[in-house]
Amino acid sequence: MTYEELWRKLTPIYAQGEAKAIVRYVLDMRFGLSATDVYCGKVTQLSADECLELEKIIVRLSAAEPVQYVLGCADFCGRTFRVAPGVLIPRPETEELVRMVVGDSADDRPSTFSPFSVLDIGTGSGCIAVTLSADIPGASVTAWDISGEALSIAERNAGGLGANVLFALQDALSPPDDADKWNVIVSNPPYICDNERVSMERNVLEHEPHTALFVPDDNPLLFYRSIAAYAVKALKPGGRLYFEINPIYSDELAVMLRGMGLGRVRIVEDGYGKERFAVACKTVGEESNIIKPHKDK
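What counts, and at which threshold
- Residues numbered from 1 in each chain as written.
- Predicted model: local features only at pLDDT ≥ 70, side-chain atom pairs only at ≥ 80, totals over all residues.
- Heavy atoms only, no water.
- Salt bridge = Lys/Arg side-chain N within 4 Å of Asp/Glu carboxyl O.
- Helix = DSSP H or I, 4+ residues; strand = E, 2+ residues; numbered from the N terminus.
- Buried < 20%, exposed > 50% of the residue type's maximum accessible area, 1.4 Å probe, protein only.
- Axes fitted to C-alpha atoms, helices over the stretch in contact; angles between N-to-C directions.
- Left-handed = near helix turned anticlockwise from the far one by under 90°.
- Contact = heavy atoms within 4.5 Å.
- Nonpolar A, V, L, I, M, F, W, Y, C, P; charged D, E, K, R; others polar.
- Parallel < 35°, antiparallel > 145°, perpendicular 65-115°, else oblique.
- Polar contact = N/O pair within 3.5 Å; in protein donor to acceptor, adjacent residues only side chain to side chain.

Remarks on the pattern of salt bridges
Summed over all chains, the structure comprises ten salt bridges. Arg266 is the partner of Asp104 in a salt bridge, and the nearest nitrogen-oxygen pair spans 3.7 Å. Here Asp104 is found in helix 6 (residues 92-104), whereas its partner Arg266 is found in strand 10 (residues 263-269), with 162 residues between them in sequence. The class for Arg266 is buried, based on a relative accessible area of 18%. The shortest N-O distance in the salt bridge between Asp177 and Lys233 comes to 3.4 Å. Taken together, the residues span a long stretch of sequence, with Asp177 in the loop between strand 5 (165-169) and strand 6 (182-187) and Lys233 in helix 10 (residues 222-234) at a distance of 56 residues. Residue classification places Asp177 among the exposed positions, given a relative accessible area of 67%.

So, in structure tokens, the structure goes:
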């Protein structure tokens, strides 16, 4: 089977460019074929067992199963994470969120007596928590999820990547009564409304966990409201709250955060110009300000 024959099998569900990229990713990650190898026709030199495995992979991809689930891994911030249908596949936008947190934390100096504490709410694969643990020197990172299956995957990722993260089974809608505990709280919570399902791709809608994706149409800020209320109490003075958000509700979210007493509220655009992130601080004696839009370079 040639490279062209492989990617053409995926064009009923993917655009041509994406189909080619998926096949090249499979050939690289599973069979060790570089782009040069592919274009030189080395796909046809795979062994009989490798061809059989490749055919099985293409069958699963043709059924709109995400390539990350088929291969059992996904790339995120230069690291490879285990993924399975019980966890959301890490997205490039979330990499931008993590880089923002790391960048903002660069000037914070953790103290031996007061560690720089970070909480990731709704950790899924653990990609945010593990990356922050690895990339913020001295950080003490905790990660919550409501899914035991997700926590099991996240713990394996932390162990495999040498990250020191404390994982806990915790519902974001019923957080504990903490006070002045965290320097940073970060979350990529469910934010897609049910009425948006009709415009979603099959590979997402039919395979990724709906509990990590959807919120009721009549309560789009469900998780943001609960997490922000927790952050108002649980952040240390000067601590920061970071969200990945639905651009449709960016204005409403910014107003809500300010109304709850958080300060220096920013709505930040992603690399595609969409209002994708919100940042707020637990300020002391400062007037809250909404700055919108803001695009980080």
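Considerations on the packing of helix 6 against helix 7 (residues 127-135)
Between helix 6 and helix 7, whose axes approach to 10 Å, the crossing angle comes to 30°. Helix 7 is crossed by helix 6, and the crossing has right-handed handedness. Contacts between helix 6 and helix 7 pair Thr94, Leu97, Val98, Val101 and Val102 from the former with Ile128, Thr131, Leu132 and Asp135 from the latter. A per-class count over the contact of helix 6 with helix 7 returns six nonpolar, two polar and one charged.

Points about the packing of helix 10 against helix 11 (residues 250-259)
Running from N to C, helix 10 and helix 11 cross one another at 25°; their axes reach a closest spacing of 10 Å. One finds that helix 10 runs roughly parallel with respect to helix 11. Like other packed secondary-structure pairs, helix 10 and helix 11 cross with a definite hand, here right-handed. Contacts between helix 10 and helix 11 pair Tyr224, Arg225 and Ala228 from the former with Leu253, Met256 and Leu257 from the latter.

Let's talk about the environment of Ser105
Following the sequence through the fold, Ser105 ends up in the loop between helix 6 and strand 3 (116-121). For Ser105, a relative accessible area of 4% gives the class buried. Expressed as a C-alpha distance, the spacing of Ser105 and Lys181, which sit 76 residues apart in the sequence, is 16 Å. Aside from chain neighbours lying at most four places away, what touches Ser105 is Phe116, Ile136, Val184 and Arg240. At 2.8 Å, the side chain of Ser105 forms a polar contact with the backbone oxygen of Val101. A distance of 3.2 Å separates polar atoms of two side chains, one belonging to Ser105 and the other to Arg240.

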